[in-house]
Amino acid sequence: MNIVLLGGPGSGKGTQAKTLSEMLHVPHVASGDLFREHLKNQTSLGETAQAYINRGELVPDQVTIGMVRERLGLPDCQAGVILDGFPRTVPQAEALEGMLSELGRRLDVVAYIEVSLETLLKRLSGRLICAQCGFVYNLYFGPPKIAGRCDACGGSLEQRQDDRPEIQRHRIEVYWEQTVPLIDYYQRLGKLTRIDGEQDIAGVQGQLLTAIRAAGRRTRRKGSKS
Ligand code: ADP
Ligand code: AMP
C-alpha cells in the first residue's frame, strides 16, 4: 500500500502514521523527520533546510523532492509506504506520481485528516516531544504522568522550535496557501478520502483503517481485471 496522509500541521498525521506503519508493516516516511535527521547530522541539506524550517516556511520543492526520492528508493519502501507531510505542494504531488510510476507503483489512498483551525492551534500548542525517544505527548489531550518527563524512558520533554506561537500561525498560513490546493488535486484524481480528524486518536485510526482497507480492495479488483 502506498498511502499519503494529508492535513494541516498538528492534525495528527505523525501520530496516525506511526501506528499504521506498525499495523500494516510498511515504513513511515515523514519529510519533517527526514529534515530533522539531516539537521541533527549537520549535513549540507540540513543546513539549507534549517532557515526555512525555523521560519515555518516550506523547504524548496527541488530539495524536498530529491530527499524523498532517495528515501523511497531504499529497499524497505518496496512493499509500500506511509507518507506523512509529503507532498505539501502541487509540484511535489506531481513529482510523487512520477517517482512511484518509475518504481511501477501508484498511490492507493490519500487520506485527508480534516481538523478545524482551533483544533490545529490547540494541538500544536500542546505538543511536547521526548528528546530521548521521540514519543509525542500533548499537554491537553495526552499529557505525561510527571510534568516534563517521558513516561516511557524518563527523558525530558521539549517543545519543537517551530511549534512556538509566532511560527505556528505562519505554518498554518503556509499550509492554506500551498498545501490546501492538494485537496482539490487529489479529489479530481478520485484518490481523496476525508477523515474526521476531530475525533480522538482511536476514532481517527478506525476511520483511516476502514478507508485503507476499502482502497486495498479497489486496488486488488483493478489488479485482477488487468
Ligand atoms: P502532525 O504530524 O500532523 O503535525 P501530530 O501527530 O504530531 O501532528 O499531532 C499533533 C499533536 O496533537 C500531538 O501532541 C499529538 O499527541 C496530538 N494529537 C494527535 N492526534 C490527536 C487526536 N486525534 N486528538 C487529540 N490529540 C491528538
Ligand atoms: P513537519 O514535521 O511535517 O511539521 O515539518 C516541519 C517542517 O519541515 C515544515 O514546517 C517545513 O519547513 C519542512 N517540511 C516538511 N515537509 C516538507 C515538504 N513536503 N515540503 C517542504 N517543506 C517541508
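Residues numbered from 1 in each chain as written. Chains lettered and ligands numbered in written order. Predicted model: local features only at pLDDT ≥ 70, side-chain atom pairs only at ≥ 80, totals over all residues. Heavy atoms only, no water.

Visitor: Any details on the nonpolar core? Residues and values, ideally.
Guide: Leu 6, Leu 72, Leu 83, Leu 96 and Tyr 186 are the most contacted members of the largest nonpolar core, which totals 31 residues. Per-element tally for this core: the top contributor is helix H5 (residues 90-102), with 5 residues. Contact partners of Leu 72, with chain neighbours within four places excluded, come to Cys 77, Val 81, Leu 83, Leu 96, Met 99 and Leu 103. Within the second largest apolar cluster, 15 residues are counted, among which are Leu 20, Ala 111, Leu 208 and Ile 212. (Core = buried A, V, L, I, M, F, W, Y, C linked by side-chain atoms within 4.5 Å. Buried < 20%, exposed > 50% of the residue type's maximum accessible area, 1.4 Å probe, protein only. Helix = DSSP H or I, 4+ residues; strand = E, 2+ residues; numbered from the N terminus. Contact = heavy atoms within 4.5 Å.)

Visitor: Describe the site of ligand 2, with residues and values.
Guide: Ser 31, Glu 57, Gly 85, Arg 88 and Gln 92 are the nearest of the 16 residues found near ligand 2. Within the side chain of Arg 36, a nitrogen or oxygen atom sits 2.9 Å from an oxygen atom of ligand 2. Take Val 59: an N or O atom from its main chain is 3.0 Å from a nitrogen atom of ligand 2. Isolated, ligand 2 exposes 480 Å² of accessible area, and the fraction of that covered by the protein chains is 96%. The element that contributes the greatest number of residues to the shell around ligand 2 is helix H2 (residues 31-40), accounting for 4 residues. (Near = heavy atom within 4 Å. Polar contact = N/O pair within 3.5 Å; in protein donor to acceptor, adjacent residues only side chain to side chain. Areas by Shrake-Rupley, 256 points an atom, 1.4 Å probe, with all protein chains shown as cover.)

Visitor: For the site of ligand 1, give the residues involved together with the corresponding values.
Guide: Of all residues adjacent to ligand 1, which total 18 residues, the nearest are Gly 14, Thr 15, Arg 127, Tyr 137 and Asn 138. Here an oxygen atom of ligand 1 sits 2.8 Å away from a polar atom, N or O, in the side chain of Asn 138. Across the complex, the protein chains shield 91% of the 560 Å² of accessible surface that ligand 1 would expose by itself. Those elements giving two or more residues to the shell around ligand 1 turn out to be helix H1 (13-24), strand E6 (136-138) and helix H9 (201-225). Within the shell around ligand 1, the residues separate by chemical class into 6 nonpolar, 8 polar and 4 charged. (Nonpolar A, V, L, I, M, F, W, Y, C, P; charged D, E, K, R; others polar.)

Visitor: Pulling in residues and values, what's your account of the packing of aromatic side chains?
Guide: Applying the stated criterion across every chain yields a total of 4 aromatic pairs. Aromatic pair Tyr 140 and Phe 141: ring centres 6.4 Å apart, planes at 75 degrees, arrangement edge-to-face. Residue Phe 141 is classed as exposed on the basis of its relative accessible area, which comes to 53%. The ring of Tyr 52 has Arg 55 sitting right over it, with the charged end atom 5.3 Å from the ring centre. (Phe/Tyr/Trp six-rings, centres within 6.5 Å; stacked < 30°, edge-to-face > 60°. Lys NZ or Arg CZ within 6 Å of the ring centre and 35° of its normal.)

Visitor: I'd like a description of a positive patch on the surface, backed by residues and values.
Guide: On the surface, a cluster of positive charge is contributed by Arg 106, Arg 213, Arg 217, Arg 218, Arg 220, Arg 221 and Lys 222. Structurally, the position occupied by Arg 217 is in helix H9. According to the relative accessible area criterion, Arg 217 is partly exposed, its value standing at 45%. (Patch = residues over 30% accessible without salt bridge, like charges linked within 9 Å, V, L, I, M, F, W, Y side chains within 5 Å. Salt bridge = Lys/Arg side-chain N within 4 Å of Asp/Glu carboxyl O. Lys, Arg positive; Asp, Glu negative; His and termini not counted. Charge placed at Lys NZ, Arg CZ, Asp CG, Glu CD.)

Visitor: Just give me the short version of unusual backbone geometry, but keep the residues and values in it.
Guide: The peptide bond linking Phe 86 to Pro 87 adopts the cis configuration, its omega dihedral lying at 0 degrees. Relative to the elements of secondary structure, Pro 87 occurs in the loop between strand E3 (81-84) and H5. Despite not being glycine, His 25 shows a phi value in the positive range, around 60 degrees. Locating His 25 in the fold gives a position in the loop between H1 and strand E2 (28-30). Not every positive phi belongs to a glycine, and Gln 42 is a case in point at roughly 50 degrees.

Visitor: Can you explain the environment of Thr 219? Please cite residues and give values.
Guide: Along the polypeptide, Thr 219 turns up in helix H9. A C-alpha to C-alpha distance of 38 Å links Thr 219 and Ala 152, two positions 67 residues apart in sequence. Beyond its immediate stretch of four places on either side in the chain, Thr 219 contacts Arg 106 and Asp 108.

Visitor: Just give me the short version of a nonpolar patch on the surface, but keep the residues and values in it.
Guide: Together, Leu 139, Tyr 140 and Phe 141 make up an exposed nonpolar region whose accessible area comes to about 340 Å². Along the chain, the position of Tyr 140 falls in the loop between E6 and strand E7 (157-158). You can call Tyr 140 partly exposed: its relative accessible area is 46%.

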